[in-house]
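Examining the three-dimensional arrangement
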Amino acid sequence: MNISNVIDGGCVSANDQMRMADDSAKDSLNASVKLPLQEGLELSFANGLNSSWSLGMVINAIDHQLSDGQKSRSIEEIEIRWMAELHEAAVKCKRNKRKLMVGKRLSALGERTASSFASLLVGQTWQGAHDRLAKVPQPYMQWVAKAFERLCHHTAPDVLIDEERAIYLARRLVVEMVCLLENKLILARLDTVRREHQRKRSVLVKRLVAFKRAFPKLMVLRLDLGYGKEHASVSIERIIGDWEALKAFITTNFPSYLSHVVKLEYGLQKGAHMHVLLLFNGAMVRQDVTIAKLIGEHWSKVVTGGMGVYFNCNAAPYKNRFSHCGVGVFSRLDEATVAGFQAVADYITKPDPLVTLVMPSEKRFYRAHLVLPERRRRPCSRAAAVAA
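Attention here is on the structure that accompanies the text.

The rules we used
- Residues numbered from 1 in each chain as written.
- Predicted model: local features only at pLDDT ≥ 70, side-chain atom pairs only at ≥ 80, totals over all residues.
- Heavy atoms only, no water.
- Helix = DSSP H or I, 4+ residues; strand = E, 2+ residues; numbered from the N terminus.
- Contact = heavy atoms within 4.5 Å.
- Areas by Shrake-Rupley, 256 points an atom, 1.4 Å probe, with all protein chains shown as cover.
- Buried < 20%, exposed > 50% of the residue type's maximum accessible area, 1.4 Å probe, protein only.
- Pairing = 2+ DSSP bridges.
- Polar contact = N/O pair within 3.5 Å; in protein donor to acceptor, adjacent residues only side chain to side chain.
- Phe/Tyr/Trp six-rings, centres within 6.5 Å; stacked < 30°, edge-to-face > 60°.
- Lys NZ or Arg CZ within 6 Å of the ring centre and 35° of its normal.

Looking only at helices and strands, the protein has 15 helices and 8 strands in total. For the protein, restricting intrachain contacts to residue pairs at least 6 apart in sequence, the fraction spanning at least 24 positions comes to 73%. Here the protein has roughly 20,200 Å² of accessible surface; of this, 50% comes from carbon and sulfur atoms.

Structure representation (structure tokens):
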């Protein structure tokens, strides 16, 4: 089973085997939880459902309804969604840190921020939520965990948090998070994420410009490589192995190949996938769309044995969406070209928190092989050599 079977499209999609107490209960779950259930999942609720269901309550319900094997997989996938939404709320909290408080009280924006946290606390226990946060080695989640620790005296650790208590705790959580931002160490850790993105983006732009100066005609391809929904839960070892096989195919069959950048990401619907940037000597090869398609087809049909999917970012419908596009064939090094390099570098180096949450051992799977090849020197004549 893969995450795309559980989380797909942001709405509940129950199959024929799912038995509800009545249609109104089913509609209530659809309208409030907004989370699809695994294909073949069967839940039965003696008391029906109501509109206050949250992700935490779904986790608890599944915990009581499934066998151990199904339970661990389903809860893990729903927790990924919970962590992702919590991280998004924390990022917004950091971005609006100066607008959340008016004196010692929450502003209107602070109340809306607290509401987003409250929806994630309903149906959780303090201990359960704290334990999930504590094991994630990610700066934003550690910030939330530290603020959450300060709420331990405001609720029983093992009692489910209801809607009223969740609103109260969420308001205090936002206040504690804002207060913690006065700690320079915590603020520096959060800013590390931004600074690392800026550093990678700057380095990548400089290398792309260096390649363009070295090769008057530079071809840049971008491919998004992944796996079909039914195979989206492949292991990280399989992903890395498939990438190495594709890289070997490219270096063997394309003499014009120069370099590459590859980054692993994790999507709630796509599962693990890669963004790949490939550089070619445009003086030796042409038709970037066709070459990108050939590489994508080899990935989907040969390397992954029919399990893979790809998206060709060099195709005209995609490139035409941007005023400055960083993929294609570049014959000049002007402001438009540099702006395109900046756009593609910003996208491919942006931080992905889900990789840290789901695959902490591979959180740095960003590989940039951008070493300029040695240029062949034109042999000089003997007379010129003697004169020198």
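Most of strand β4 (residues 257-267) is tucked away: 11 of the 11 residues are buried. In the sheet, β4 pairs with strand β5 (residues 271-281) via 10 bridges, with the strands oriented antiparallel. Paired with Ser259 across the two strands is Leu279, which belongs to β5. Two successive antiparallel strands, β4 and β5, enclose a turn made up of 3 residues.

With respect to the element layout, Asn314 can be found in the loop between β6 (308-312) and α12 (316-319). Within polar-contact distance, the side chain of Asn314 engages the side chain of Asp288 at 2.9 Å. Sequence-distant contacts of Asn314, that is, excluding residues within four places in its chain, are made with Val220, Leu221, Arg222, Asp288, Val289, Ala292, Lys319, Val327 and Gly328.

Moving on, we come to the packing of aromatic side chains. Taken as a whole and assessed by the stated rule, the structure comprises 10 aromatic pairs. Judged by centre distance (6.0 Å) and plane angle (10°), the ring pair of Trp126 and Phe148 falls under stacked. In this pair, Trp126 is assigned in helix α6 (residues 126-134) and Phe148 in helix α7 (residues 139-149), connecting sequence segments 22 residues apart. With a relative accessible area of 1%, Phe148 lands in the buried category. Centre to centre, the rings of Phe249 and Phe254 are 6.1 Å apart; their planes meet at 80°, and the pair counts as edge-to-face. On the accessibility criterion, Phe254 (13% relative accessible area) is buried. In this structure an aromatic cluster arises from ring pairing among Phe249, Phe254, Tyr257 and Phe280. Positioned over the ring face of Trp82 is Arg132, at 5.6 Å from the centre of the ring. Note that Lys350 overlies the ring of Tyr347, its terminal NZ or CZ placed 3.8 Å from the centroid.

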